[in-house]
Structures are given as C-alpha cells and as structure tokens.
Amino acid sequence: MAAEGEVFGEMASPSEWIPHVHAFVDLSLSQDHHDACLGKIVSFIKTDMLTLEILVKEMEMYLTTSDAVTRARGILLLAQVLVSLVSKPIDVAAVHSLIDFFTSRLADWQAIHGALIGCVALLRRYSAVGMVSTCDARNLAQSFLVNLQVQALAQADRKLCFELLECLLSAHPDALRPLGDDLVYGVCEAIDEEKDPWCLLHCFRIVELLVDLFPDPSGPLASFSKDIFEILGRYFPIYFTHAKDDTLDVKREDLSRALMNALSSTPLFEPFCIPLLLEKLTSSLQIAKIDALKYLSHCVIQYGSDRMSNHAKAIWLSLKDIIFTFSSSQEPVTSSTLELLENQSKENEVMKEALMCWANCVLVCDGSNEVFLPLMMQDSDVVMIFSSITGDYCWAHMSTECKKRLNALGSLVYVAAKVSSTCCTKVIESFFPRLMDLLGISSRDVPLDSVPEVNNSLSIKLNSGALFLCIELLTACRNLAVDLVSRDVSSQCVPSQHGWFHLLQNFAEPLVLGLRFALSSAESTIIKNQAIEGTDGICVVRCLQILATFPGCFSPLPEAVFGDILRSFILVIADSCREKALWKHSLKNLVQIGSSIEKFGDPKRCISYKNIVVERSLSWPMHESSVPLSVKLEVLFDIGTTRVDFAVRILEGLKEILSSNLIEALVKGNHVCAKIATSVLNCLSIRLLPWISTCGMAQLVSANLRTYTNSVVQIRELPCSELWSFMTLLSACSPLSSMTCVDESLILPENLCKQNSCKSFREPSLISWFFDQDAGKESKDEAFLLLSESLWLYLSTILEINLGLQEHGLFDALMLMMRLAVSYCTEEHQTLIVMKGYQILMAKTSFLHRDSCFFSASASEDIIRRTTASYFSLFDKWLVSLLASVVIALRPRVILPDVWMLLKIFTVAVITGLEAAAQALGSMVNKWPTALDTDIVGACTLEDALDFILKIVCDSSRWNNQSVKCVSLANIQKNITHINIDGGCFVDTHAVVGIAWITKGLVMRGHEKVKNMATFLLECLLSSGRVKHLTVQIDNGSFKDKSVESFEDKSFEASISAADAFQLISSDSEVSLNKIFHASIRPLYKQRFYASMMPLISHNIAESDFSVTRSLLYRALGHIICNAPLVAVLSESKKIVPLLLDGLSTLSEEQLNKNLIYSLLLVLSGILVDEIGKEAVLDNMASIINNLVQLVSFPHMMVVRETAIQCLIAISGLPQVQIFPYGRQVLKAIRRALDDQKRSVRQEAVRCHHAWASITSKVV
C-alpha cells in the first residue's frame, strides 16, 4: 500500500530511450541530433520515467568498453545528463558512486573531457539535493593533483579543470586544507603559463580562494608566495584587447580587476608587488601607468599601514611626480580638484587615479601610523611653492609652470583634508594660517560694519595663489562636513569635536569681509585690475560661495555674514555691464547656495535668501537699462529653480510685472512694455514651463494657489485688461498636471469687456475654495479647468478691444504659451479647453457671421469665391491662430467639437496665409482616429477629409487662375500624371505649405495615402517647367505683358515652396508634430518616406526636359537625402551617389541652394568614411573629384569650401591606385584654397595639400 499522497509515475520502456543513447554515442550524426537525444533522455529522468540507476546500468557497456571513442562518448553523455539535473534531488549513495566513478576516470586521458564535466556538475550540487561529501571531495582533489597535467590539455578542458578547482576551494575548504603544500604546488603548476582569457579569470579567482584557505602568514602559502606572485606578475599590466567581432564576453577590464584582487589578496605579496607597481608608474605607456595606480590604490588598503610604511617615501615621491607632471595648467575657472574627481569621462584619467591612490594612502595611515601627511607637509617642493606664490599676486603674472605646480599642490591638500576629520585638522593647522598670512587676514575680531581703507594691507595682499589654495582647503572642509552630516551620526555632527572647525571659525569673518571689499572696491587699482577682472574675481566669488554652503551646524559664519555674502553677489549681478564672466559666476554661485539651502533644509538661511536674493531680484525695474532685461530674467528663472517656494514667489512677481506691462502695451501702446511682456512670456514658455513639468507640479500648484489667493482679492478693482493679464499668467503657470482655472463668476459680461471700463468685479466665489484646506483633489482639478477656460474669454476680449498685440511678437509669445500649456493637460481637460475655444471662435469671428455658407456641407465654392487675402480680419486671424495652437497640442484621443467645421475654417485660413492653421491641419490628420465614430459631430473618414482639403485648394486655384479642375485622392495616381492642368496653372504658395504639413502628419503616422499627397506636391513642383515652356512660346509669338510676368513669378515661387515642402516633411519640427505635442510617430517613418520617394523623384529627373524643373527636383531630392538617416542612404549608396553628385553639380549654380549644398556635402562625407559606401565611391571617383574641386572655390559659403576640402582629405585615405590619377587636379584646386580669406579653409587646405602631395610623389 502506497503512502498517502505518494504518486508513482509510469516507467518508460527501454525501447523508448535506449535508441537515444545509441544515437548520442554515434559520431556520424550531427551535433543537433546529439542535443535532441540528450534532451529526450533528460526529460525522461526529470519526469521520473527513468532513473539514474537504470540509465547507468544500461550504459555500462559504453562506460567501460575498451573502445576509447565509444567510452568517451558514453562518459560525456552521463556527465551532460548530470549537468541538466543539478537541481534534481539524488540519493547520497548515488552521488557517492557517481563522483567515485568520475574521479577514477580522471586517469583516463581519452575520456577526460566528460570526466571533468561530470565532476564539476556534481561539485555544484548543494546539500538539499544531495552533494559531494568531504571525503569524496578530498579523493577527487588528490586524483586531480596526481593524474592531470593541466597545461597539456585543450582550452575547453583547461577551463573545466579551473572550474573544478574553484568549486573544490569554495565549497569544500575543509576537505582540501589537509593537502597543504601539495595543493599549493599543484595550483601553481596548473595556472603557470596560462594565456586564455576565460581560464585566467578562473586562475586569478583560484589564487584568492587559496589565500582564504591558508590565511596563516606562516602556513603552506607563505613558502610559495614568491612563486605565485611571479606567476601572477607576468600578466601585469593586462594587454588583452577585445576584438569587435569576438564572441567572448570577457573584457580587458574584467581581467585587470580579477588580477588586482588576486595580487591584493594577501599581505604576503607586499614585498614583491609594491616594487613592481612603483616600477610600472614610470612606464611611458599610459595604460600601464593607470593600472599601476589602480592596483597600488587597492593594495594599500588591503596590505595595511604597517606594511605600507616601509614604502611610504617611495610611494609619495612617485605619486608627487605623477601629480605634478599631469596637473593642469589651466586657471581655476576651468579646473578644480572636485570637478576632476567627479568627472566620469576618461580625460586626465592618470591624474584622477593618482589622486585616488593618494587619498587611500592617507586614509590607511589615519590615526595609527601617520607617515604620508608629514611627507607632504615637509616636502621641499611644497615649501618652494609657498615661497613662489608670495611674489605673484594675480594669475596673469604667473608662469605656466607655476600654475601647474599650484594646481598640483591644491589637489594634494584637497584630497588629504577630505579623507577624515583627523587628517583635515592636521592639514588645516599646517597650511591655513600660512595662507591667511599671505592674504593679510588675521584671526582677530573685525567689526562687520567696518570698511577697510584703500591702503589697508588686505587690499594690497589679495594673493591669487594663496586664494586658490584657500579655496581647495575650504572645499575639502565643506565636503567633509557634508559627509559627516549625511552619515547622520549624532556624535560626528558636533562641530566642537573637530579641530579644523575652530580654526575656520577664527578666520571666516575677517576673510569674508576682505573678499567682499575686493568685490565692491572700485578705487584701488590693484584690486580693480587683479581681483575684480578676470580669474581673480571669479576666485573671490567662488571662495565666498564655499563659505556660504557649509551645512548649517558646521557653518563657520553667523547669519548676518551669510546675508552679506548674498548682498555682494546681488551687487555684482546688478553691475553686470562690468564683466560678463564675473556676474555669470556670481549667478551660478547664488544658485548653488540656494540649492544647498534646499538640500540641508536650513529655515533661517531660507528666509535670508528669500528676502535678500529673491525679493531684491524682483525689485529691479524692468525698464532700467543698467541691468539688461535678459540678465534680469535669467537671474529670476535660475534662482526660481532652486526651491519650490522661491519659484512661487518669482511667479507672483512675474505676474505683477507681466500684468503692468501688458496694460501699458495694450491700452497705452507702450512699445517698451510690449517688449518686456514678450520677453517674460517667452521665458515662461521656453524655460519655466518645461522645468515645472519635470520637477513635479503637486507642491508647486498647491503653493501657487495659496500664494495667489491674496492676489485674486487685490485685483478686484482692476480694469479687465489687467485682470486678463493676471489670469493669462496664472493659467499658463499652473496647468502642467491639470490646467488651472477660475470660478465662472470671474467671466465678464461681453459689453463690460468691450467698454474696457474700470468697474469693479464682484469677488469670485472661488476664493472660498482657495482658503478651504480640506478641498479634495477632484474639486481642485475642476478649479484648474475653470481657470484655463477663462483664459479664452479674457484673451478674446482683449484682442477685440486692442489690436496692438502684433508689436514685438507679443501675440506669438501668447500663442506659444497657449500651445505649451495645453500640451501638459490631461485628455479630459484638453477636451473642455478646445470646446471653450471653439465656442468663442463661433461667437466672435466676423467671417462666420458674414458667410452662412460655412454652415452648409456643400458650399466650398461659395466660400472660396469670397476668399481673398483680406477675407479674415486681424481679430479673426488671431482667434483662429489661438484655436490652432490648442489643436496642435491636443492628445490623440481628445474629441474635437465639430470636425467638419474646423476643417473648413483651417483650410480657408491656410489659403489666406495662416501657417498656424496649416500646422493644426497636419496635427489633426496625424492624430485622426482610425475608426469612424458617428456620435461625434462632423465626424468623417480621413480620406474624406483629405479629399475636402484638396478640393478647396484646387477651387482656390481655379478662382484665381480659371484653369484648375477638381482633384481628389482617387485621381492622383501612384505615378506622376497631369491633374487636368491646362497651360500654366499653379497652386498658391500658401496652399502648398498647408499640403506639406498635412503630408508630414500622414508620413509620421505611416498612412497609406502618403504617396498620393507627395505626388500632388510633385505635380505642383513640375508646373514650373510648363510655365517656363509657355513663356518661351509667348516670347516667340512676340507677345508678353505684365500679367504673364506676374503669373510666371508666382508659379516659380509656388514650385520652390513645393520643393522645400519635402524638407518640412522629412525634418523634425519644434513648433508642431513632435513628442511634446503628442504626435503619432511610427518607428522608422523617415526611412519609409525616403524609400518611397527616391524612385519617384529620380524617375521624374530622368524624364524632365526643362532645366528649371530639373533644378527644383534636385532641390526636393536633396532635402529628402539630407534628412534621411545615414544608414538608409548607405544601404542604397550605389544608386544614391550618382544622383547626389548630379544634384551638387546642378544646385551649385544658384546661391539660393548654398545651405542645401552644405547638407549634401555632409552626407557625402558620411559615405566617404563608411566602409559600406566605399564601393559606390570608387565607382564614381571621377565625378566626386570634379564636384569637390569645383566646390573648393564655392564663393557663397565658407563651410562649403571647408567641407569640400575635408572630403578630399577623406578620399586621400582610399587605395592609392584608384585616386592617383586625380592627384594633380586636386593639388591645383587646393593651391587656390591656400590663399582663401578664411583661416579655417586655409588650415584644411594645408592638410589636404600635404595628404595629396605625398600620394602624387609616389610611383605606383
């Protein structure tokens, strides 16, 4: 009777699985067949249809046969089965039998591969599923040491040997420990002379495990330590390079790291390792020097202070030599130790590694056997540097060598002081008082309100070198304090326990006073020329910033002095005309101070910063010329990004600024105020809105609402225009997560708005909501929405009473604000916003009230008959543009109010020249739903919408030219056919732009009608050739009047627009159809458009009989090639290169094409340097050389000449047999370029002449 819950599986019959064993042993079968047979056998065992015991019994003949090949295959099969069963429980007795069998097979060299695999598979098992016993592991290790000569085996078998050793050492250390010297000797013999990267990784790991096995300094490892190090030392530095096509996963960095861990694994290697590393520090190979520094840095920590003290002087001298050699000679504006260490790039890696090694040297001896710091402090070079800086007062007077040594010393003291509080105290006590003496600063108390005399010693001793070292020391102290605070250990956050803090406290106030005096002094010639101007002034600013950014409890400054530093920075910025670099750095440091307040959460300093920096910046008059408007706005926005509450206050201040300036601009026509309002709006749109969207709106919106509560109450008595300006700013600054709002009671009666009266508004009921702290999220979202809707009403009102918004781009700035604000809204809120805009448009535009035919489904001809350039009033255009801005920014699922009416309005607006409407049409087409929803008002299919747009475009052309018949998608074929154009008709330029935006929307979503619309644009382009042909016929008939000339000019302009439309379609746009405005973007859309248009355009180029048409076709082709990914161009380089060269030749005849020529040259240069395009380049070498030689003298653009010469340089690297015949032609053209007016062209010409002269001088 079976136990309860026990399930017996049905055993497989031998006939089911034995054939798989036979097949695996048969070498005549493929490897795939062998793998399939192995899988079948494993599956039988995993499902308990076959046991290991039965398998081994049935395989006995294969495991013990005298046939070596069959025996090897049988053992391999059993081993591979065990690999697949590593997690399946196996009886301990079975494990013992199996490991005993495989151990015995290690002596069978012909079956060694399978035996090793089986041993490793069994060693990797853990106790829960049955693992190898200690006794069996010892027997396996002894057999391994006796029977195997590892280095005589193949790579795969050597790797298995090392894996076996690694498993034994890591899983069975107790079994191997009694083997003692025999084990160590066997490991040395196994790893000696190994070269395979994978095997070396295991070798280095085995050494680490061996060290863990015998940690006793007098144990078995001690007598072999020199031998092991000699084996390992041969690999240093690692020179293994990883090929691009190599399938190995091991990299040089992996090998180097493993070797470093092995060399530093035991102090027994110290007598041999440190001298080797010090020797490699003098190597001329940078990779050897970097690795030596990394290894030395690691070994110093692992070996300990007692052993490292023996090498302290040698290490110090080597590190000092490297640091002084590789130190930068740049001024501290562009280099500092902190920036060097935090920089993740590979630049100056030697210097970085040397400083990190120096830090570890100081750290390992901290508090016990202090040997490295005294070596630095007493070094003769350090003493000499201090002596040298006493004579040089400013950076301008210092030699390059002096700057280099000073930077080196600054790095050394920074790193040493940053290591620990104890080291910092010793470094500060040694260096800081001497630096203060050089600066003329004493530790005596100086009243903060006293102002030094001009002849005071401080004003004379502003020593740049001493100030730079002071900055490095203060930075180290500040960063050490930050580390202590971040550890959150209460005992370490007591400044009184740190000696360096007391010393800084004694000097901090006098130092700040002196530096502030240096910044504010304008009378002392020495200070004015040396401290205020150039690098020295920037050093003063940086020093003040460091003193102001200590964490609160470690700050050496009282609050009053902190405020004085902020005032000094504000004064420097206010005097921005004095020196740009100085106020830029002052602003940067002010931002860093604000960020540190946010980081450490110091409430007192936050209040000081807000009162001194934020409020004073807002108090600057915007009309004042002493501080440029751009500077004021940059200061406000940079400061606002440091803290949310600062941003809220700045938003409030900007509201007041924008409100007052909009009143002056719109009501009184003040042009200066219009410029200010435009600048503020642009900064809000371009800088602040994206920042708010990334930093999160929850805090900002809630704080913003509370801040604006009082403002809402205060503006109750304002005229409607000022109230609107306030609402505009508020709606633009709060809509990111869910568009802001006001109560409906704020909406003014229309007659009141038109009167522009100063009557009081009733207090909005929304104010009670502002004060309600318990308002839920739902009600807040509703409030946001209502405020955004009110934007439409106030904007439409102010546009109706004042048409001065066009001044200084004010209306464009408002449109950009509207577009970006809406783009951040949710779908639900966007739906309500576009509905509000549509309602206002329907109610207030004059053209809709004039033409009732807009409301008819079949009255497009009646609309077009009346459509002229003045069809829309200025007010109508602005309202349509605002609605277009909203439509552009909508998410794809937002439902439009009346699709058919919007199509009519936007299409007619496009014909009258309103580009925003064209962008809106492109956005609508791009986001058009795939399925028709009949519940939506005015819903239609995308094909119907495109037919309607084309009909209006052609109707407008017909009424203008009396010759275009109706066109639709159905009669635009996939190849170019004339669309019933009689004579020389053209589609208007504005209509071409509209079609281009629509085509762009289709291209980005990957719609099937792309080629139809692109074909229509090509037909518009081709019409120019027919017009030229018609003009020639008229000339031959001796008749030509002004109307014909006007017709020809307009046709050519439209054709150029059609050619340039392909640039608009294939390039990226910042104003519409991008990710910000939620465009539908299909992957690889540019490649698809390129692939579909190239055959079409190239065919028309070949068929064209008119030179003008050919030029325009090449212009369109050039735009497509330039905007296509280079990979796509390279894939068809054989077809593209001839067309590209013909295009360059044709387009270079006109100055109009200079930018396109430059872009085509960039594409050509990409083909020249890529291996894929090499064949196409060699096939067209003569044409390429001829074109480039001509462009070397291109008179209209310098970069064209420069790029053409660079292409010739690239060609010089091709096989000389192919390019030798063109050498004289190239050199003749380059000699002319040697006299070019532009220096960069002359420099490239020299390089090119040298490259080609060396080619022509050789005899092939």
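Just so we're clear, the structure is a prediction, and the values are computed from it rather than from any experiment.

**Digging into the overall build of the chain**
At step 1: Scanning the chain for helices and strands turns up 62 helices and zero strands.
At step 2: By residue count, 56% of the 1260 residues in the chain fall in the buried class.
At step 3: Sequence-distant contacts, at least 24 apart, represent 77% of the contacts inside the chain between residues at least 6 apart.
At step 4: Taken as a whole, the chain presents about 53,000 Å² of accessible surface, with 52% of it coming from carbon and sulfur.

**As for the packing of aromatic side chains**
At step 1: On inspection of all chains with the given rule, the structure shows 14 aromatic pairs.
At step 2: Here F1062 and F1089 contribute two aromatic rings whose centre-to-centre distance is 6.5 Å and whose plane-to-plane angle is 25°, an arrangement assigned as stacked. Here F1062 is found in helix α51 (residues 1042–1066), whereas its partner F1089 is found in helix α52 (residues 1085–1103), with 27 residues between them in sequence. The two residues F1062 and F1089 agree in class, both being buried.
At step 3: An aromatic cluster of three or more residues is present, and its members are F229, F269 and F272.
At step 4: The side chain of R605 reaches across the aromatic face of F562, ending 4.5 Å from its centre.

**Focus: the packing of helix α46 (residues 899–911) against helix α47 (residues 915–926)**
At step 1: Close contact between α46 and α47 brings their axes to 8 Å; oriented N to C, the two are set at 140°. The pairing of α46 with α47 is recorded here as oblique in orientation. Helix-helix and strand crossings are classified by hand; for α46 and α47 the assignment is left-handed. Contacts between α46 and α47 involve V899, L902, L903, F906, T907, A909 and V910 from the former and A917, A918, A920, L921 and M924 from the latter.

**Considerations on the layout of surface pockets**
At step 1: Roughly 620 Å³ of volume is contained in the largest pocket.
At step 2: Taken together, 27 residues make up the lining of the largest pocket; nearest its centre are D812, M815, R819, A916 and Q919.
At step 3: Counting residues per element, the ones that place at least two in the lining of the largest pocket are α35 (671–695), α41 (810–823), α45 (874–888) and α47.
At step 4: Ranked by residues supplied to the lining of the largest pocket, first place goes to α41 with seven residues.
At step 5: The class makeup of the residues in the lining of the largest pocket is 16 nonpolar, six polar and five charged.

Definitions and limits used
- Residues numbered from 1 in each chain as written.
- Predicted model: local features only at pLDDT ≥ 70, side-chain atom pairs only at ≥ 80, totals over all residues.
- Heavy atoms only, no water.
- Helix = DSSP H or I, 4+ residues; strand = E, 2+ residues; numbered from the N terminus.
- Buried < 20%, exposed > 50% of the residue type's maximum accessible area, 1.4 Å probe, protein only.
- Contact = heavy atoms within 4.5 Å.
- Areas by Shrake-Rupley, 256 points an atom, 1.4 Å probe, with all protein chains shown as cover.
- Phe/Tyr/Trp six-rings, centres within 6.5 Å; stacked < 30°, edge-to-face > 60°.
- Lys NZ or Arg CZ within 6 Å of the ring centre and 35° of its normal.
- Axes fitted to C-alpha atoms, helices over the stretch in contact; angles between N-to-C directions.
- Parallel < 35°, antiparallel > 145°, perpendicular 65-115°, else oblique.
- Left-handed = near helix turned anticlockwise from the far one by under 90°.
- 1 Å grid on protein atoms, 1.4 Å probe; cavity = no way out; pocket = protein on both sides within 12 Å on 5 of 7 lines; lining within 4 Å.
- Points joined across faces, edges and corners; volume = space filled by probe spheres on them.
- Nonpolar A, V, L, I, M, F, W, Y, C, P; charged D, E, K, R; others polar.

Everything listed here is a matter of coordinates, which is why it stays silent on function.
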